[in-house]
Amino acid sequence: MLAHVDMDAFYASVEVMDRPELKDRPVIVGGGKRGVVSAASYAAREFGVRSAMPIFQARRLCPQGVFLPVRMERYKEVSRLVMAALAGFTPLVEQVSVDEAYLDLTGTQGLWGPPRQTGLAIKKSVLAQTGLTCSVGLAPLRFLCKIASERDKPDGLTVVEEVEPFLVTIALREVPGVGAKAQERLKAMGVTYLTQLRLLGRQRLEDLMGAWGLRLWDLAHGIDPQGVGGERGVKSLSHEITLEEDTADRELLASLLLGLCQKVCRRLRRHGLWGRVAVLKLRHADFKLVTRRTSLRRPTDRAGELYPVARALLDAYALPGPFRLIGVGLAELSPLGSGQDILFGREANGRSQALSRAEDAICSRFGEKAISRAGALETLGALDHKRQDRHNQGEGEK
Ligand SMILES: [Mg+2]
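Residues numbered from 1 in each chain as written. Predicted model: local features only at pLDDT ≥ 70, side-chain atom pairs only at ≥ 80, totals over all residues. Heavy atoms only, no water.

Draft legend 1. Representation of the overall build of the protein chain in the model. Across its full length, the protein chain carries 17 helices and 13 strands. Every one of the 398 residues in the protein chain was classed for burial, and the buried ones make up 48%. The long-range share in the protein chain, meaning contacts at least 24 apart out of those at least 6 apart in sequence, stands at 66%. Surface summary for the protein chain: the accessible area is close to 19,600 Å², and the carbon and sulfur share equals 54%. (Helix = DSSP H or I, 4+ residues; strand = E, 2+ residues; numbered from the N terminus. Buried < 20%, exposed > 50% of the residue type's maximum accessible area, 1.4 Å probe, protein only. Contact = heavy atoms within 4.5 Å. Areas by Shrake-Rupley, 256 points an atom, 1.4 Å probe, with all protein chains shown as cover.)

Draft legend 2. Just the coordination of the magnesium ion, in detail. Here the magnesium ion is held by the protein donor atoms Asp 6 (OD), Met 7 (O) and Asp 99 (OD), which lie 2.1 to 2.4 Å from it. Within one chain, the residues serving as donors to the magnesium ion are arranged as D-M-x91-D. On the accessibility criterion, Asp 6 (6% relative accessible area) is buried. By relative accessible area, Met 7 is classed as buried at 2%. (Donors = N, O, S within 2.8 Å, 3.2 Å for Na, K, Ca; no water.)

Draft legend 3. Summary view of the nonpolar core. The biggest cluster of nonpolar side chains holds 35 residues, and the ones touching the most others in it are Phe 10, Val 27, Leu 86, Leu 103 and Ile 122. If one sorts the elements of this core by residue count, helix H4 (residues 72-87) sits on top with six residues. In contact with Phe 10, not counting residues within four places along its chain, are Tyr 75, Val 78, Ser 79, Val 98, Asp 99 and Leu 132. Ranked by size, the runner-up nonpolar core spans 33 residues in total, among them Leu 252, Cys 265, Leu 296 and Leu 314. (Core = buried A, V, L, I, M, F, W, Y, C linked by side-chain atoms within 4.5 Å.)

Draft legend 4. Region of the structure containing the packing of H4 against helix H6 (residues 115-130). Running from amino to carboxyl end, H4 crosses H6 at an angle of 145°, the nearest separation of the two axes being 9 Å. Along this stretch, H4 crosses H6, giving a crossing that reads as right-handed. On H6, the residues that touch Val 78, Leu 81, Val 82, Ala 84, Ala 85 and Leu 86 of H4 are Ile 122, Ser 125, Val 126, Gln 129 and Thr 130. (Axes fitted to C-alpha atoms, helices over the stretch in contact; angles between N-to-C directions. Left-handed = near helix turned anticlockwise from the far one by under 90°.)

Draft legend 5. Representation of the pattern of salt bridges within the structure. Following the criterion strictly, the structure yields 21 salt bridges and no others. Between Glu 15 and Arg 71 there is a salt bridge, and its shortest N-O distance comes to 3.0 Å. Of this pair, Glu 15 sits in helix H1 (residues 10-18) while Arg 71 sits in the loop between strand S4 (66-68) and H4, and the two are 56 residues apart along the sequence. In this structure Arg 71 comes out as partly exposed when scored by relative accessible area, which is 34%. (Salt bridge = Lys/Arg side-chain N within 4 Å of Asp/Glu carboxyl O.)

Draft legend 6. Region of the structure containing H6. The end-to-end C-alpha separation of H6 is 22 Å, in line with the 22 Å expected for 16 residues at 1.5 Å each. Listed as buried for H6 are Pro 115, Thr 118, Gly 119, Ile 122, Lys 123, Ser 125, Val 126 and Thr 130. Looking down the long axis of H6, one finds its buried residues gathered within 165° of arc, a one-sided arrangement. In H6, the exposed positions angled more than 90 degrees off the buried face are occupied by Lys 124 and Ala 128. Gly 131 sits one or two residues past H6 and shows a positive phi near 80°. (Expected span 1.5 Å × (residues − 1). Arc of directions from axis to C-beta.)

Draft legend 7. Seen up close, the packing of aromatic side chains. Considering all chains together, one arrives at five aromatic pairs under this definition. Between Phe 89 and Trp 112 the ring centres are 4.6 Å apart and the planes differ by 45°, which places this aromatic pair in the tilted class. Taken as a pair, Phe 89 in the loop between H4 and strand S5 (93-97) and Trp 112 in helix H5 (residues 109-112) lie far apart in primary sequence, 23 residues in all. Classification of Phe 89 by relative accessible area gives buried; the value is 4%. When its relative accessible area of 23% is taken as the criterion, Trp 112 is described as partly exposed. Among the aromatic side chains, those forming a connected cluster through ring pairs are Phe 10, Tyr 11 and Tyr 75. The aromatic ring of Tyr 42 is capped on one face by Arg 45, whose charged end is 4.3 Å from the ring centroid. (Phe/Tyr/Trp six-rings, centres within 6.5 Å; stacked < 30°, edge-to-face > 60°. Lys NZ or Arg CZ within 6 Å of the ring centre and 35° of its normal.)

Draft legend 8. Structural context of the side chain of Thr 130. Within the fold, Thr 130 resides in helix H6. By relative accessible area, which is 8% here, Thr 130 ends up buried.

Draft legend 9. The arrangement of unusual backbone geometry in detail. Lys 153 connects to Pro 154 through a cis peptide bond whose omega is -10°. One non-glycine residue, Asp 155, lies in the positive phi region at around 55°. Residue position: Asp 155 is located in the loop between helix H7 (142-151) and strand S8 (157-159). For Asp 155, a relative accessible area of 45% corresponds to the partly exposed category. With phi around 55°, Glu 332 is a residue other than glycine that occupies positive phi space. Turning to its location among the elements, Glu 332 is positioned in strand S12 (residues 323-335). With a relative accessible area of 44%, Glu 332 lands in the partly exposed category.

Listed below in structure tokens is the structure:
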């Protein structure tokens, strides 16, 4: 299941939150060089004010409106809180604008429950962390999520369990990327709903609109190969430790590595993901950063499998150091169980899987330090007071 999260009248809502006396008043944010409306509160929309409309026109429609300039820095600040809230649900978050993101929730059912429950949890978390409402659409296909999130605005939640019954309700104007001109041309041919395109035929659509026509043909048949992430999505997950004192002690580094592997894997398991490439990161005392990576025989989410590989990468790194940072990660992430023979990959290791799960449960109850395998225990404990521990969810270090 995928989700699209879209903040409601975002700029205007931030302004109202910062200035509660504006509540329920028609607030219009915009102006600047382009002289157009960037956002209109729902009260302003009742006057017919819309995004991208020239400001002078908005003033004519709504003379009593509160017109405010764009404060992008402030919106970005709130945007970071939104994205942080979303990152709590899955590491596979693709931010597409300051107030919009797609989430891949594959494998998170066990954690967040069925789609509707997950959608409610997302809305609740965003509200708690930002004070603002959002609208959420959940669907098995990316483009349906976007359409679904628009359906019930503001403060909406739309869940598409089955594709076909929803597909036939979609008007062409709802499909992202279908502009006014295309709508007009298709309307002239009797097409106002997406699935009516099926009657036109693939070739006709291609002749009319080229590659875009073929894409529409696919959408009309419930085909959308675009997942969440694409080139911009999170492809790796890592943890690292910056040491306050540089060290060249390989044994010390190795035991830190073990603790880091555990953290990485715990987090992956929490999100129902596994990774196929192990990444070791070392920063020399002179700040030079090196990464070493190697493919695993099969994807994993377990420290017992990641650690020996990361350790081998460390042992193979010839320069003596000293180092000021060590980190480890897994890259080429995918939903648990994908791309592998389940029988050989997982079930043969049922016991250590169960062990990992038990460890996860204990950690979530008592915090990270409650449990740690022997090697990591002492070293981490000893260094605890003088380290900076960070986790990263990056775009995959190249
Ligand atoms: Mg929005």
